[in-house]
Protein chains: 2
Amino acid sequence: MNTMQLNRFVEVAAQLSFSKAAEALHVSQPTVSHQIKALEDELGCALLVRSTRTVRLTDDGFAFLEYANDILDLAARAERRLKHKQRPNSQQLRIGAQHKRATYP
Amino acid sequence: MNTMQLNRFVEVAAQLSFSKAAEALHVSQPTVSHQIKALEDELGCALLVRSTRTVRLTDDGFAFLEYANDILDLAARAERRLKHKQRPNSQQLRIGAQHKRATYP
DNA sequence: TATGGTTACGGATGCCGTAAACATC
DNA sequence: GATGTTTACGGCATCCGTAACCATA
C-alpha cells in the first residue's frame, strides 16, 4: 500500500470517474485503473463497482475511503512537519488557543 | 511513501540496527539501507544517524516515528476490516460496552 | 454507436540480493 | 582487524503510456 494508490482511489471516489480522476491527476486512465486494481488485489476486495458508464463505491469502498483519507492526512502532516523543519514546540500558525489538537498529535 | 518503507524504518528504530532489522524482516541489509534512504530522500531529511557501529534516531526521526506507527496502525486496521469482511455493525470481540471507539472508526 | 474502463504490450524505471568498498570502534 | 553500513552492479519485476479491446447506455 502506498500513498499514490490512496491518492488515486480518493480522487476516483471524488469524481466517480476513472477518466476524470486521471485527468485531474495528470496520469493516463489505464494507470489509474492499474493502481486501483493493485490496491483492490492487496486488500482482497472490490472498492468500486464499474459498469462502463458509471462508477460507484462498494460498501468496502466507503469504509476504506475513510481510512485512505486519514492515512493521507497523516502522511501529509508528517511531510509538512519534516520538510518545514518544525521543531515539536514551534507549531505553525495555530488559530485559537486549543491545547489539544483534534485527532492526531 | 509506502507501508514497506515505514515498516522497515520502525523496525530499525526498534532495533537500532540495520542488520538486526534486516534479519527480523527477512530481507537483506542493503535492502533496508536502500529503503530507509529512499524514505529520507522523499522526506528531505535524515531520520537516522549512522556511525558504522551505532544507529540512533535524529529529532526528525523521533517525530516521524510517531507518524509512521500511526499510519501503519491505520493501514493495518483498514486491511483487517476489509479482509475479514466485517460489516460496520458486526465488530469483533469487543470487551466492555463502550459505544464509541477510542480513536478510529 | 459512442463513451468509458480494461487488457495487451513494450520500453523504461526501480527493486532486491550478492559482492566489494568503506568507516569506526 | 572486526563489525556494520553504504555503494556498485546485474537480473528480475514492476510501472507507465499507447493502442487495441470490450461492455453498456
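Residues numbered from 1 in each chain as written. Chains lettered and ligands numbered in written order. Predicted model: local features only at pLDDT ≥ 70, side-chain atom pairs only at ≥ 80, totals over all residues. Heavy atoms only, no water.

How should the protein's contact with DNA strand C be read in this particular structure?
Lining the immediate environment of DNA strand C, one finds 19 residues, of which Q29, S33 and R50 of chain A together with T31 and Q35 of chain B sit closest. In the model, a phosphate oxygen of DNA strand C is placed 3.1 Å from a nitrogen or oxygen of the S19 of chain A main chain. Counting only elements with at least two residues in the surface near DNA strand C, the list comes to α2 (18–25) and α3 (29–43) of chain A together with α3 (29–43) of chain B. Among the elements that make up the surface near DNA strand C, the one with the highest residue count is α3 of chain B (4 residues). Partitioned by chemical class, the residues of the surface near DNA strand C number 5 nonpolar, 11 polar and 3 charged. (Near = heavy atom within 4 Å. Polar contact = N/O pair within 3.5 Å; in protein donor to acceptor, adjacent residues only side chain to side chain. Helix = DSSP H or I, 4+ residues; strand = E, 2+ residues; numbered from the N terminus. Nonpolar A, V, L, I, M, F, W, Y, C, P; charged D, E, K, R; others polar.)

Any chance you could explain the nonpolar core here in plain terms?
One recurring pattern in soluble globular proteins is that nonpolar side chains are buried together. Within the largest apolar cluster, 58 residues are counted, with the highest numbers of intra-cluster contacts made by F9 and F64 of chain A together with F9 and F64 of chain B. Ignoring sequence-local partners within four residues, the contact set of F64 of chain A consists of M1, L6, F9, L39, L43 and L47 of chain A together with A78 and L82 of chain B. (Core = buried A, V, L, I, M, F, W, Y, C linked by side-chain atoms within 4.5 Å. Buried < 20%, exposed > 50% of the residue type's maximum accessible area, 1.4 Å probe, protein only. Contact = heavy atoms within 4.5 Å.)

What is the right way to read the protein's contact with DNA strand D from this model?
Close to DNA strand D lie 19 residues; T31 and Q35 of chain A together with Q29, S33 and R50 of chain B are nearest. Of all atoms in DNA strand D that approach within 4 Å of the protein, 62% are sugar or phosphate atoms. One of the side-chain N or O atoms of S28 of chain A is found 2.9 Å from a phosphate oxygen in DNA strand D. If you list the elements that add at least two residues to the surface near DNA strand D, you get α3 of chain A together with α2 (18–25) and α3 of chain B. With 4 residues, α3 of chain A is the largest single contributor of residues to the surface near DNA strand D. In terms of residue class, the surface near DNA strand D is built from 5 nonpolar, 11 polar and 3 charged.

What is the right way to look at the UniProt feature "domain: HTH lysR-type" (unreviewed entry) in chain A in this model?
Within this structure's numbering, the places UniProt gives as "domain: HTH lysR-type" (unreviewed entry) are residues 1–58 of chain A. End C-alpha to end C-alpha, residues 1–58 of chain A measures 19 Å, and it is 62% helix and 10% strand. (UniProt positions renumbered as here; feature names shortened; annotations may be inferred.)

For this particular structure, what's the right way to read the packing of helix α1 (residues 3–15) of chain B against α2 of chain B?
The description of two helices packed together rests on the angle between their axes and the distance between the axes. Residue and element names in this part refer to chain B. It is at 8 Å that the axes of α1 and α2 come closest, and there the two elements cross at 125 degrees. By the angle class used here, α1 and α2 are oblique. The two elements α1 and α2 meet at a crossing, and its hand is right-handed. Between α1, through R8, E11, V12 and Q15, and α2, the contact on the second element is made entirely by F18, K20, A21, A24 and L25. The residue inventory of the contact of α1 with α2, partitioned by class, reads 5 nonpolar, 1 polar and 3 charged. (Axes fitted to C-alpha atoms, helices over the stretch in contact; angles between N-to-C directions. Parallel < 35°, antiparallel > 145°, perpendicular 65-115°, else oblique. Left-handed = near helix turned anticlockwise from the far one by under 90°.)

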